[in-house]
Amino acid sequence: MGSVNKVIILGNLGKDPEIRHLENGRMRVQLTVATHDSYKTKEGEKINHTDWHEIILWTPHAEIAAQYLSKGRQIYIEGKLSHRSYIDKDGHQKYVVQIVGQHFVLLGDGKTKNQGVHVINHRPQNRANENDDMSELPL
């Protein structure tokens, strides 16, 4: 039997996209997306909880994200969960969990209700390992 690695996030950007241009001409955009949840305790107290998710988009979708996304914008993202590690400048090993975006829909501009919808699909082509470029990028 096969396997599935799929993540779906619907939330708001916590800050403007972080854009990096690689030497090979590719663009990488990192998004920070907040999702919110609330629940009530046994005592009836309402608890609000926010999770922050790191999303990575690659060219050509990074170019679209860099052009249209900004802090507060609502976005729907489908992608895959990616785990990696690296050695920081002090020699300590760090672990990172990211979502590599493969499809996203822009839902609103962050200020008004749905001002239009843009659908972008990303399906890697002819790449042996989609995470190869990620190993080049220190955080």
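Check the entry above for the structure.
Residues numbered from 1 in each chain as written. Predicted model: local features only at pLDDT ≥ 70, side-chain atom pairs only at ≥ 80, totals over all residues. Heavy atoms only, no water.

> Could you give an account of the overall build of the protein chain, naming the residues involved and the relevant values?
Regarding its fold elements, the protein chain presents 1 helix and 7 strands. Going residue by residue from the N terminus, the α and β elements of the protein chain occur as β-β-β-β-α-β-β-β. Taking all 139 residues of the protein chain together, 37% fall into the buried category. Look at the contacts in the protein chain between residues 6 or more apart in sequence, and 58% of them connect residues 24 or more apart. (Helix = DSSP H or I, 4+ residues; strand = E, 2+ residues; numbered from the N terminus. Buried < 20%, exposed > 50% of the residue type's maximum accessible area, 1.4 Å probe, protein only. Contact = heavy atoms within 4.5 Å.)

> Could you give an account of the pairing of strand β5 (residues 74–87), naming the residues involved and the relevant values?
Bridge count between strand β1 (residues 7–13) and β5: 6 bridges; the pairing is antiparallel. Paired with valine 7 across the strands is glycine 79, a residue of β5. In this structure, β5 lies alongside strand β6 (residues 93–106), joined through 13 bridges in antiparallel fashion. Within β6, the residue paired with tyrosine 76 across the bridge is valine 105. Hairpin connection of β5 to β6: 5 residues between the antiparallel strands, including glycine 91 at a positive phi of 85 degrees. (Pairing = 2+ DSSP bridges.)

> Could you give an account of the pairing of strand β2 (residues 18–21), with specific residues and numbers?
Of the pairings in the sheet, the one linking β2 to strand β3 (residues 27–40) comprises 4 bridges and is antiparallel in character. Each bridged residue has a counterpart across the sheet, and for isoleucine 19 the counterpart in β3 is valine 29. Remark: 5 residues form the turn of the hairpin made by β2 and β3, two consecutive strands paired antiparallel; glycine 25 in that turn has positive phi of roughly 95 degrees.

> How would you summarise the pattern of salt bridges if you had to cite specific residues and measurements?
For the coordinates displayed, the defined rule picks out 3 salt bridges. Across the pair lysine 6 and glutamate 78 runs a salt bridge whose closest N-O atoms are separated by 3.3 Å. In this pair, lysine 6 is assigned in the segment before β1 and glutamate 78 in strand β5, connecting sequence segments 72 residues apart. On the basis of relative accessible area, lysine 6 is assigned to the exposed category, the value being 51%. Given the relative accessible area of 18%, glutamate 78 is considered buried. (Salt bridge = Lys/Arg side-chain N within 4 Å of Asp/Glu carboxyl O.)

> How would you sum up helix α1 (residues 61–68)? Please name residues and give values.
Every buried residue belonging to α1 is among His61, Ala62 and Ala65, and all of these are buried. For α1, the angular spread of buried residues about the axis comes to 100 degrees, placing them on one side. (Arc of directions from axis to C-beta.)

> Just give me the short version of unusual backbone geometry, but keep the residues and values in it.
Glycine aside, the phi torsion of most residues is negative, and most peptide linkages are trans. With omega at 5 degrees, the peptide bond leading from threonine 59 into proline 60 counts as cis. Within the secondary structure, proline 60 sits in the loop between β4 (46–58) and α1.

> How would you explain the nonpolar core if you had to name every residue and give the values?
Formed by 17 residues in total, the largest nonpolar core has its most connected members in Leu31, Val33, Leu69, Ile75, Ile77 and Phe104. The set of elements that each furnish at least two residues to this core consists of β1, β3, β4, α1, β5 and β6. By residue number, the principal contributor to this core is β3, which donates 4 residues. Ignoring any residue separated from it by four or fewer positions in sequence, one finds isoleucine 75 in contact with Ile9, Leu10, Gly11, Leu13, Leu31, Val33, Leu69, Phe104, Val105, Leu106 and Leu107. (Core = buried A, V, L, I, M, F, W, Y, C linked by side-chain atoms within 4.5 Å.)

> An account of the environment of glycine 11 is requested, with residue identities and associated values reported.
Along the chain, glycine 11 turns up in strand β1. Here glycine 11 falls in the buried class, since its relative accessible area comes to 4%. Sequence separation between glycine 11 and tyrosine 76 is 65 residues, and the spatial gap between their C-alpha atoms is 6.7 Å. Once residues lying within four places of it in the same chain are set aside, the contact partners of glycine 11 are Val33, Ala34, Thr35, Arg73, Gln74 and Ile75.

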